[in-house]
Amino acid sequence: MYPLPSSLPLQNPAPLPFFPRTHLKDRSFFNSSNKFSLKCRRSEYYEQQRFSSPTDGPSSQQPLGALPPKVFVGYSIYKGKAALTVEPKAPEFVPLDSGAYKLSKEGFVLLQFAPAAGVRQYDWSRKQVFSLSITEIGSIMGLGAKDSCEFFHDPNKGRSEEGQVRKLLRAEPLPDGSGHFFNLSVQNRLLNVDESIYIPITKAEFTVLTSAFNFILPYLLGWHAFGNTIGPDESGRSNNASPRSGADFEWGR
């Protein structure tokens, strides 16, 4: 040990606060002005980030625990003789006795065709609609530059009015190879309507359509709802009522 130089003054540490026993016994000492409080804001912060993030879109304004507001989306194409709007429609689920839910109806894509009524004006009162099923969406997504497809719908099939309304949708390549044109023909004997509406769709517009279809398809199947229920403990559970599914036999070999 070397002695400290005499020129360096020793600094004594600051004394610790002293509380007399009389203060410890006197509860009035711990009044509101002398209380120390410690609050962890981590949970509150993450709850705000989870439910009130400014980048969450419309749901950022909803109160905690409330259902998100309904959102309407679509894609529209306007041409000289007609306009086309494309809108996704959500699937439907039914509750089971077990408390789970089961898909009862797949979603679809609604096409709405409106004839032109003037320059950049369209008569939506004369619109004709066509609902694309999951398989029909897949057919359109698989169209090549020279491919075509067509779909026939009878909305009253299996009813007494069967055959009274006939809808035929064709998607065919344009002669110059610049895209496709959609042609919807509707014969409605109940309303005395016989109309055909067609609209050309460029390669760029068709690419947007197929990209939107590719994104929304799992949601129309309801797979997103199933994905939201998957947890860490799902590995030991079966996906159906059978205690051992075919997949278990296949991968358990």
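Just so it is clear, the model here is predicted, and its values are computed rather than measured.

J.: Please set out helix 3 (residues 134-141) residue by residue, giving values where relevant.
T.: Because an α-helix packs 3.6 residues into every turn, residues spaced three or four apart end up facing the same way. Residues of helix 3 that are buried: Ile134, Glu136, Ile137 and Ile140. For helix 3, the buried positions fall inside an angular range of 165 degrees around the axis, keeping them on one side.

J.: Tell me about the nonpolar core, residues and numbers included.
T.: Ranked by size, the top nonpolar core spans 28 residues in total, and within it Phe113, Leu132, Leu169 and Phe182 carry the most contacts. Broken down by element, the residue count for this core peaks at 5 residues, all from helix 4 (residues 203-220). Once residues within four sequence positions are removed from consideration, leucine 169 is found in contact with Leu111, Phe113, Phe130, Leu132, Cys149, Glu150, Phe151, Phe182, Asn183 and Leu184.

J.: Account for the confidence of the model for the protein chain, with residues named and values stated.
T.: Do not read the predicted coordinates in detail wherever pLDDT is low. Confidence in the prediction for the protein chain averages 79 pLDDT; 66% of positions are at 70 or higher. Counting interchain partners and residues more than four positions distant, the pLDDT-below-50 stretch residues 6-10 has 1 contact. The low-confidence segment residues 36-60 (pLDDT under 50) makes 15 contacts with residues lying over four places distant or belonging to another chain.

J.: Give me the lowdown on the side chain of lysine 79, citing residues and values where you can.
T.: Tracing the backbone through its elements, the reader meets lysine 79 in the loop between strand 1 (75-78) and strand 2 (82-89). Of the polar contacts made by the side chain of lysine 79, one reaches the backbone oxygen of proline 200; its length is 2.7 Å. If sequence neighbours within four positions are ignored, lysine 79 has contacts with Tyr122, Ile199, Pro200, Ile201, Thr202 and Glu205.

J.: Report on the packing of aromatic side chains, specifying residues and quantitative values.
T.: In the structure shown here, the tally under the stated rule is 3 aromatic pairs. Relative to tyrosine 122, the ring of tyrosine 78 has its centre 5.6 Å away and its plane inclined at 40 degrees; by these criteria the two rings are tilted. Pair noted here: tyrosine 78 is in strand 1 and tyrosine 122 is in strand 6 (residues 121-122), with a separation of 44 residues, a long-range link. Residue tyrosine 122 is classed as buried on the basis of its relative accessible area of 18%. Between phenylalanine 181 and tyrosine 198, the ring centres sit 6.5 Å apart and the planes meet at 75 degrees, which makes this aromatic pair edge-to-face. One end of the pair, phenylalanine 181, is in strand 10 (residues 179-188); the other, tyrosine 198, is in strand 11 (residues 193-202), and 17 residues separate them in sequence. Take tyrosine 198: its relative accessible area is 41%, and that puts it in the partly exposed class.

Rules used in this analysis
- Residues numbered from 1 in each chain as written.
- Predicted model: local features only at pLDDT ≥ 70, side-chain atom pairs only at ≥ 80, totals over all residues.
- Heavy atoms only, no water.
- Buried < 20%, exposed > 50% of the residue type's maximum accessible area, 1.4 Å probe, protein only.
- Helix = DSSP H or I, 4+ residues; strand = E, 2+ residues; numbered from the N terminus.
- Arc of directions from axis to C-beta.
- Core = buried A, V, L, I, M, F, W, Y, C linked by side-chain atoms within 4.5 Å.
- Contact = heavy atoms within 4.5 Å.
- pLDDT = per-residue confidence, 0-100.
- Polar contact = N/O pair within 3.5 Å; in protein donor to acceptor, adjacent residues only side chain to side chain.
- Phe/Tyr/Trp six-rings, centres within 6.5 Å; stacked < 30°, edge-to-face > 60°.

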